[in-house]
Amino acid sequence: MADNPQGTTRQIEEILGELADGSNEPSQHQAESNLRLVMSFLQNNDYSASAIKTTSVLSENAKIMVLQQYFEHVESESHFTTYNEEAVGRLLSGWFGIELRPQRTRTATGDQRIADRPAIPGRAGNTGIYRASFGDTEIYFYMSAEKHEHVEGLIELVTDNLVLTTEATSPPCEVSEFVPLWLSNRDRSREDYYIDDSSSHHLEDYFASQVADVEDALGVRIQHPSKEMAIVANGDGLRFHRDRLVKQYRDLARIPNGERDYRLVQDLTLIDWDMQDGTVSGTAFEHPNGDRYLFPLYPGESVGMFFSEVPRFPGPMMLPYHCALPIMDAAGDKTAGTAKGKRFNTLVRGYAKADEVDALDEQAQVLDLGEPVEGPDGARTYGQGFDVFQPGPIPVTEAVAVRVVEGRSASLSLTELDAAANSDLIHAVTDASPESVSVYRVEKYSAGFSELHVIPGIEDAGEIVIVNRNEQTSIAAVRYPLAFDFLDRDIPWIQMIAMRTSACTRISSDRIGALRISPPEKVLHKPAVLDSFYPFEYAEPREPNVLDIIVVR
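From a predicted model like this one, the values you see are computed outputs, not experimental measurements. Counting starts from 1 at the beginning of each chain's written sequence and moves along it residue by residue. Confidence filtering applies because this is a predicted model: local features only for residues at pLDDT of at least 70, side-chain atom pairs given and counted only at 80 or more, and all residues used for totals across whole chains, interfaces and linings. Side-chain measures here rest on the full set of heavy atoms in the structure, leaving out hydrogens and waters.

Asks: Residues and numbers for the overall build of the protein, please.
Replies: Segments assigned H or I by DSSP are reported as helices when at least four residues long, segments assigned E as strands when at least two residues long, and all are numbered from the N terminus. Across its full length, the protein holds 13 helices and 25 strands. Within the protein, the fraction of its 553 residues that count as buried is 51%. Think of it in three bands: residues with accessible area under 20% of the maximum for their type are buried, residues over 50% are exposed, and the middle band is partly exposed, with areas taken using a 1.4 Å probe on protein chains only.

Asks: Account for the sheet that holds strand S25 (residues 545–552), naming residues and giving values.
Replies: At least two DSSP bridges between two strands are needed for those strands to be called paired. Spatially, the nine strands line up as an open sheet ordered S14-S15-S16-S23-S20-S25-S19-S18-S17, and their pairing is antiparallel. If you trace the sheet from one side to the other, it starts and ends with strand S14 (373–374) and strand S17 (401–404), each paired once. Both strand S19 (residues 437–444) and S25 contribute to a ladder of eight bridges, which runs antiparallel. Looking at S25, one finds that Tyr 440 is bridged to Ile 549.

Asks: Go over the sheet that holds strand S12 (residues 342–353) with me, naming the residues and quoting the values.
Replies: Whenever strands of a sheet pair, they do so through backbone hydrogen bonds, lying parallel or antiparallel. Read from one edge of the open sheet, seven strands run S5-S12-S7-S10-S4-S3-S13, paired in mixed fashion. The strands lining the two open edges of the sheet, one partner per strand, are strand S5 (223–233) and strand S13 (365–366). Where strand S3 (residues 130–134) lies against S13, two bridges are found, and the strand directions are parallel. Note on S13: the bridge partner recorded for Tyr 130 is Gln 365. Residue contacts are defined here by distance: any two heavy atoms, one from each residue, within 4.5 Å place the two residues in contact. Fitting a line to C-alpha atoms yields each axis, with helices limited to the stretch in contact; the angle taken between N-to-C directions then spans 0 to 180 degrees. Sheet strands touched by helix H9 (residues 246–253): S5, strand S7 (262–272) and S12. Its angle to S5, the strand with the most contacts, is close to 170 degrees. Against the sheet, helix H11 (residues 354–363) makes contact with S3, strand S4 (137–141), S7, strand S10 (302–309), S12 and S13, and its axis sits at roughly 120 degrees relative to S12, the strand it touches most.

Asks: Now, about the environment of Val 220: what can you tell me, with residues and values included?
Replies: Along the chain, Val 220 turns up in the loop between helix H8 (202–218) and S5. Distance from Val 220 to Glu 356, taken between C-alpha atoms, is 5.5 Å for residues 136 residues apart in sequence. Ignoring sequence-local partners within four residues, the contact set of Val 220 consists of Val 214, Glu 215, Phe 306, Ala 352, Glu 356, Val 357 and Leu 360.

Asks: Explain a negative patch on the surface to me, using residue names and the numbers behind them.
Replies: Like charges within 9 Å and nonpolar side chains (Val, Leu, Ile, Met, Phe, Trp, Tyr) within 5 Å are joined into patches, using only residues over 30% in relative accessible area that form no salt bridge. The Shrake-Rupley method, run with a 1.4 Å probe sphere, supplies the accessible areas, and residue values consider only the shown protein chains as cover. Salt bridges are defined as contacts in which a side-chain nitrogen from Lys or Arg sits within 4 Å of a carboxyl oxygen from Asp or Glu. Working convention for charge: Lys and Arg count positive, Asp and Glu count negative, and His plus the chain ends are omitted. For this purpose, a charge sits on NZ of Lys, CZ of Arg, CG of Asp or CD of Glu. Together, Glu 146, Glu 149, Glu 215 and Asp 216 make up a negatively charged patch on the protein surface. Taken together, the elements giving at least two residues each to the negative patch come down to helix H7 (145–160) and H8. Structurally, the position occupied by Glu 146 is in helix H7. With a relative accessible area of 45%, Glu 146 lands in the partly exposed category.

Asks: So what's going on with the pattern of salt bridges? Residues and values would help.
Replies: In the structure shown here, the tally under the stated rule is 21 salt bridges. The partner of Arg 260 in a salt bridge is Asp 261, and the shortest N-O contact between them spans 3.0 Å. Note on Arg 260: relative accessible area 58%, which makes it exposed. The class of Asp 261 is partly exposed, set by a relative accessible area of 28%. Residues Arg 403 and Glu 416 are paired through a salt bridge, measuring 2.7 Å at the closest nitrogen-oxygen approach. Of this pair, Arg 403 sits in strand S17 while Glu 416 sits in strand S18 (residues 412–417), and the two are 13 residues apart along the sequence. A single network of salt bridges, built from pairs that share partners, joins Arg 131, Glu 138 and Asp 361.

Asks: Pulling in residues and values, what's your account of the nonpolar core?
Replies: Here, nonpolar core refers to any group of buried Ala, Val, Leu, Ile, Met, Phe, Trp, Tyr and Cys residues whose side-chain atoms link them within 4.5 Å. Phe 141, Leu 452, Ile 464, Ile 466 and Trp 493 are the most contacted members of the largest nonpolar core, which has 59 residues in total. Broken down by element, the residue count for this core peaks at four residues, all from S7. In contact with Ile 466, not counting residues within four places along its chain, are Leu 452, Leu 482, Met 499, Ala 503, Cys 504, Thr 505, Ile 507, Leu 515, Leu 547, Asp 548 and Ile 549. With 28 residues, the next largest nonpolar core counts Val 158, Trp 273, Phe 306 and Val 348 among its residues.

Asks: Before we move on, can you summarise the environment of Val 366 with the specific residues and values?
Replies: Mapped onto the fold, Val 366 is located in strand S13. Exposure remark for Val 366: the relative accessible area of 55% places this residue in the exposed category. Spatially, the C-alpha atom of Val 366 lies 8.5 Å from that of Ser 133, the residues being 233 residues apart in sequence.

Asks: Any details on the side chain of Thr 55? Residues and values, ideally.
Replies: Along the chain, the position of Thr 55 falls in the loop between helix H3 (49–54) and helix H4 (60–68). For the purposes of these results, a polar contact is taken to be a pair of N or O atoms within 3.5 Å, where, inside protein, one atom must be able to donate a hydrogen and its partner to accept one; residues adjacent in sequence count only when each atom of the pair is a side-chain atom. Side-chain polar atoms of Thr 55 contact the backbone oxygen of Ile 52, separated by 3.0 Å. Looking at Thr 55, its side chain comes within polar contact range of the side chain of Trp 95, at 3.3 Å.

Asks: Just give me the short version of H9, but keep the residues and values in it.
Replies: Taken residue by residue, H9 has Gln 248, Tyr 249, Asp 251 and Leu 252 as its buried positions. Along H9, the residues classed as buried sweep out an arc of 160 degrees about the axis, all on the same side. Residues of H9 that are buried in the fold lie against S5, helix H10 (258–261), S7 and S12. Each C-beta atom gives one direction from the helix axis, and the arc is the one those directions make.

Asks: How would you explain the environment of Gly 350 if you had to name every residue and give the values?
Replies: Following the sequence through the fold, Gly 350 ends up in strand S12. In this structure Gly 350 comes out as buried when scored by relative accessible area, which is 0%. With residues near it in sequence (within four places) discarded, Gly 350 still touches Ile 222, Gln 223, His 224, Pro 225, Leu 245, Gln 248, Arg 263, Leu 264 and Val 265.

Asks: Run through the pairing of S12, naming residues and quoting values.
Replies: Within S12, eleven of the twelve residues are buried, which leaves the element mostly enclosed by the surrounding structure. Strand direction decides the pairing type here: S5 and S12, joined by nine bridges, are antiparallel. Note on S12: the bridge partner recorded for Met 229 is Thr 346. As paired strands, S7 and S12 are joined by eleven bridges and run antiparallel to one another. Looking at the pairing, Ile 271 lines up with Phe 344 of S12.

The structure is reproduced here in structure tokens:
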């Protein structure tokens, strides 16, 4: 193989590719010989970067088959495996861009943004209770020391004791293969969960601890709880939907005055399992005011949220439309598809006495959601220093380029346009003259929330006006191209602003630093149709966010 490594590797790729596809299957002896040939080449070259690069022509299925040879079951009656950590680590890095590293401590130090903000509600280090009114739903952010300790135990449990299996990976996961585990079938035997030989059910213990934590920290007893656990990995974004509390509505219908005396409640915990530094995930909710709010999860974090709502018969429905977001590049500085990692969602649903929830309202600190004041012609004014308006027909942007701006961000295409050629546009949306402004066309392709520091002179601007140039389609009349990151005020959300085509946003100078361009993830811009699934959309080409940005000096 050393004499002609490229040709030999291509031959192996062809054979193993056929084997992986189930066609022209070689004999077991021949397949084993092919695998040994690849492994021998890698070992003899000490898993060097050049050796790994040489074998990178192997198909993904063939690479997985090679990786599998480095794992072995050391105990016939156990699901635990051992593996050559050095070899697997180098191959995962060279072939898939996955860094196999020791398990990180799950504290708020994995990302510098979080380390600088230890007081954000709902995170470790802040034991307060905070409330935000979200339409008919009350949202409480909290993270007691006990809850955080139990979350740490769940991470350890899943990492060290569970074997979770699935038919496919996306791409291979360095801890284990997995599938979401739904704890609804009480008749399943304990062995079906692939847990170690302990006499108790560890996941049941975890969920029991969450119910106890809600009572200890919030003073609310969740009655007749149901539990769910799910995992979000890499580009897997979950559906936009509303939760259906069938069991809870059925139970309350049997209780006299159940609609008056009880509240529907949910305890949701977002947990980083193996999110890559520099990424973000979370859950996005659509507010009745039209905006969408992202409750973010960063590496090293766990986020606790508790929801309450008055039952409305005939039901069953609760909470605004919401979706779980994939693991994304936090700042939008990377190309699509580079964010790696996994996170948990754990959810406890039930109902509770209304007086217990009312008492919680009295002790919780109120958070301002920053809702807009509606004006004529669809105008909206926000108290944080920006407003949205639709000034009538907007002149077409004259794409007369002055220069292409080379910025530090790989996520934005930024072109400065001729201000004089766009004087009609400037006069339509500002009171400024073309001589006192700069005009930019921005196109954003990558995931993440991009800052605008790459725009020359924006830090000295008196104000900026942004025109939404995303075309209205039959799928969505409203998009969310802009967002404001309120984490710099220790407020636990990113507010995504609803805008129609040609709608404008005027931002004062003191809020420019919090402004972000939203990622063009389809799940974020789709209409919130009940139980609408969008499988595999992360693999589809993204339609960029297109904006005109007018910087007024």
